Amino acid sequence: MSSWKMISRASLLAALLGGAATAQNPIEVERLDALDPLEVSLTDRGLGDRLWTGTGRDMAEAVLARLPGSDEDGYASEALGDTARIILLSGGQPPAGGRGDDRLAELRVDRLLAAGGAHDAFDLLERTPNVNRNPALARWHAELGFAVGAADRACQTTNALIDNREAPDWLRRRAFCLALDGQGAAAELTAELARAASADEDFDARLFSITLGSVAEGVAPPDSGLDFAMARYLVDPEADTPAISTTAPAWLRALGVTPVFEPVPINDPAAAFEAALALSGAERHQALEDLLGQGRDREIAARAFGQLLADTPDTARFIHVARHHGGEIETLPLTEALLEHGYEIALAAVIIGDLRDAARWRDALMDGPPRRPSAAELAGQPVLEMADGTLVYADGTPVDGAVSEWVPPNPRRMVALDLALHIARDALGAGNFDAVLAAWLESQGSGALPEQLALGALGARLPGDIRLAVLGRSETAGSPEAAAMEMAVRAGARAETALLAVSVLNRPETATDPVAFSRAIAALDAAGLRRHALALVLERVIARAR
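Here the structure is a predicted model, which is why all the values come from computation and not from measurement.

*Asks:* Let's hear about the overall build of the protein: which residues, and what values?
*Replies:* Within the protein, the regular secondary structure consists of 29 helices and 4 strands. Within the protein, the proportion of its 546 residues that are buried is 45%. Considering only intrachain contacts with a sequence separation of at least 6, the fraction spanning at least 24 residues in the protein is 64%. Put simply, the protein shows about 26500 Å² of open surface, and 51% of that area lies on carbon and sulfur atoms.

This is how it looks when you write it as structure tokens:
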């Protein structure tokens, strides 16, 4: 059967009605045996398979090129990186004129490395057909496969490569693969061919250590996926992770993060907690993480989590800790002692979307911790008032209504927490939102104009004088990305809109401008990424709440 398939209703109608119909409805055909790399998707929560509709090939390259690359610092915040990641994980019909374009596919992988890391990019390439026929994608697949511990898959691509097989880098990859396969002599011969073209003494030292069973001495820390895989081969994988060069790209350095604290069995959580508080830096952080993960004493785990959050000096680190450990919140007991960190725990629950527990901790902050009823209460004994005014049950047991008078956190904090809960619930017009927003704005002053305008762009009601506040600004930051973004919104070009919005939000001069910030948030909403738009506003509110 021919590999060419008729894919439109117009094509079917033309086949049935003959030439006249063909003249009016040109037949549209498409190769179905060759999936384009941009059609590969790793998410069902992205922009859908029509994400590039309305965008041409050159524009797609231009907007992708404006995102941080694999060799750059990355994103201004985790929420913004997540937004870029969901866009780049979305697959669908390529932009007009972009089918089969190697440059677009390579850019997508490179930008995904900065947004989602090595595992996301490798998973994308694992699902991309004919990687060995595209030198740029093949290089990334092998590099990432070695880096993430999938050397077998990296070697399959290395051995199946069609073009440029004799380049030194590919010869070295094949030499390592031969060494892994136990073919030491062939590995050394292949390495000799690579060495004749260009020298790499560190690679040679590692390869000889692998083939000869010796120790590699004086070798620089790895700065590539291949070097990392070889270095990892030479250590006990259960005990050590090789240190990675400080000059390596950020995505590779992220794979080499290892704890400097040696965990020990926790037989006495309370004593271990006091010992952890005496530590500092990374050792203190790791000790508290170990206490959070232990199941012997969840009250101590809660105290450890609260301390982890309290130790974070900046919002970015606070959000990172909340995201990394927030899943533990539902297992933590809620007691009066633990409410010392209740505000931070409630914010952490909001960040990870655990709104039930966030509300539970919020209510406890307002009303005090829940009190366990006494045996006399459970037995339904009547309450008697003594001559001195104290209350006792019939059996003489004092009535323990409240051990001490509960004092909630200051109103400014509680208003910020309530606003965060409304944003996380996407309840910008429900209940008492207007009152909460008004109280929050009063506590923040004019500095909260970016968040106020962004909430308005997402549907919140704003006071009429807000327009006067915007009009009275001396200057509004502008950028080519912002202008192109609004044109893309009007054209219905979703991927283009979303990527340009991310670019605007990742530039300090536009991200801090109230008008530019709110327009980018509105653009994300228009592109179908409302949840991510809300998360970005929430991130800014939490930064002000701490």
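*Asks:* Please give an account of the packing of aromatic side chains that cites residues and values.
*Replies:* According to the stated counting rule, one finds 2 aromatic pairs in the structure shown. On the numbers, 6.3 Å between centres and 70 degrees between planes, the contact of Trp-140 with Trp-251 is edge-to-face. Here Trp-140, found in helix α7 (residues 135–148), pairs with Trp-251, found in helix α13 (residues 250–253); they are 111 residues apart in sequence, far enough to count as distant. Between Arg-139 and the ring centre of Trp-140, over which it is positioned, the NZ or CZ distance is 4.6 Å.

*Asks:* Give a detailed account of the pattern of salt bridges, specifying residues and quantitative values.
*Replies:* One pass over the full model with this rule turns up 30 salt bridges. Between Arg-174 and Glu-166 there is a salt bridge, and its shortest N-O distance comes to 3.6 Å. Here Arg-174 falls in the buried class, since its relative accessible area comes to 10%. With a closest N to O distance of 2.9 Å, Arg-530 and Asp-426 form a salt bridge. Of this pair, Arg-530 sits in helix α29 (residues 530–545) while Asp-426 sits in the loop between α21 (411–424) and α22 (433–444), and the two are 104 residues apart along the sequence. The exposure class assigned to Arg-530 is partly exposed, which follows from its relative accessible area of 23%. For Asp-426, a relative accessible area of 35% corresponds to the partly exposed category.

*Asks:* Requested: an account of a nonpolar patch on the surface, with residues and values cited.
*Replies:* On the surface, Leu-180, Tyr-233 and Leu-234 cluster together to form a nonpolar patch covering roughly 260 Å² of accessible area. Within the secondary structure layout, Tyr-233 lies in helix α12 (residues 225–233).

*Asks:* Give me the packing of helix α15 (residues 281–293) against helix α17 (residues 315–325): which residues, what numbers.
*Replies:* Direction vectors running N to C along α15 and α17 enclose 30 degrees, while the axes themselves pass 12 Å from each other. Judged by the angle between their axes, α15 and α17 are roughly parallel. The interaxial crossing formed by α15 with α17 has right-handed handedness. Of the residues in α17, those in contact with His-285, Glu-289 and Leu-292 of α15 are Arg-317, Val-321, His-324 and His-325.

*Asks:* Describe the environment of Ala-179, and please don't skip the residues or the numbers.
*Replies:* Here Ala-179 is to be found in helix α9 (residues 168–180). Assessed through its relative accessible area of 10%, Ala-179 is described here as buried. Residue contacts for Ala-179: discarding those within four places in its chain leaves Ala-187, Leu-207, Ile-210 and Thr-211.

*Asks:* I'd like a rundown of the nonpolar core, residues and numbers included.
*Replies:* Membership of the largest hydrophobic core comes to 143 residues, with the highest contact counts inside it found for Leu-144, Phe-146, Ile-423, Trp-440, Ile-521 and Val-537. Apart from the residues lying within four places of it in its own chain, the contact partners of Ile-521 are Ala-454, Leu-458, Leu-505, Ala-533, Leu-536 and Val-537.

*Asks:* Mind laying out the confidence of the model for the protein, listing which residues take part and the relevant values?
*Replies:* Mean pLDDT over the protein: 87, with 88% of residues reaching 70 or higher. In the model, residues 1–33 has pLDDT below 50 throughout and makes 31 contacts with residues more than four positions away in sequence or in other chains.

*Asks:* How would you summarise helix α8 (residues 151–160) if you had to cite specific residues and measurements?
*Replies:* Within α8, the full set of buried residues consists of Ala-151, Ala-154, Cys-155, Thr-157 and Thr-158. Along the axis of α8, the buried residues cluster in a sector spanning 160 degrees; they form a single face. Residues of α8 that are buried make contact with α7 and α9.

*Asks:* Describe unusual backbone geometry, and please don't skip the residues or the numbers.
*Replies:* Glycine aside, residues mostly have negative phi, and peptide bonds are mostly found in the trans state. Residues other than glycine seldom take positive phi values, yet Asn-130 does so here, at roughly 55 degrees. Tracing the chain through its elements places Asn-130 in the loop between α6 (118–126) and α7. Positive phi is not limited to glycine here, since Asp-426 has a value of about 55 degrees.

*Asks:* Residue-level account of the packing of helix α4 (residues 78–89) against helix α5 (residues 102–116), with values.
*Replies:* One can describe the packing of α4 onto α5 by two numbers: an axis separation of 8 Å at closest approach and a directional angle of 145 degrees. For the element pair α4 and α5, the recorded crossing hand is left-handed. Contacts from Gly-81, Ala-84, Arg-85, Leu-88 and Leu-89 of α4 reach α5 at Arg-108, Arg-111, Leu-112, Ala-115 and Gly-116.

Cut-offs used in this document
Residues numbered from 1 in each chain as written. Predicted model: local features only at pLDDT ≥ 70, side-chain atom pairs only at ≥ 80, totals over all residues. Heavy atoms only, no water. Helix = DSSP H or I, 4+ residues; strand = E, 2+ residues; numbered from the N terminus. Buried < 20%, exposed > 50% of the residue type's maximum accessible area, 1.4 Å probe, protein only. Contact = heavy atoms within 4.5 Å. Areas by Shrake-Rupley, 256 points an atom, 1.4 Å probe, with all protein chains shown as cover. Phe/Tyr/Trp six-rings, centres within 6.5 Å; stacked < 30°, edge-to-face > 60°. Lys NZ or Arg CZ within 6 Å of the ring centre and 35° of its normal. Salt bridge = Lys/Arg side-chain N within 4 Å of Asp/Glu carboxyl O. Patch = residues over 30% accessible without salt bridge, like charges linked within 9 Å, V, L, I, M, F, W, Y side chains within 5 Å. Axes fitted to C-alpha atoms, helices over the stretch in contact; angles between N-to-C directions. Parallel < 35°, antiparallel > 145°, perpendicular 65-115°, else oblique. Left-handed = near helix turned anticlockwise from the far one by under 90°. Core = buried A, V, L, I, M, F, W, Y, C linked by side-chain atoms within 4.5 Å. pLDDT = per-residue confidence, 0-100. Arc of directions from axis to C-beta.

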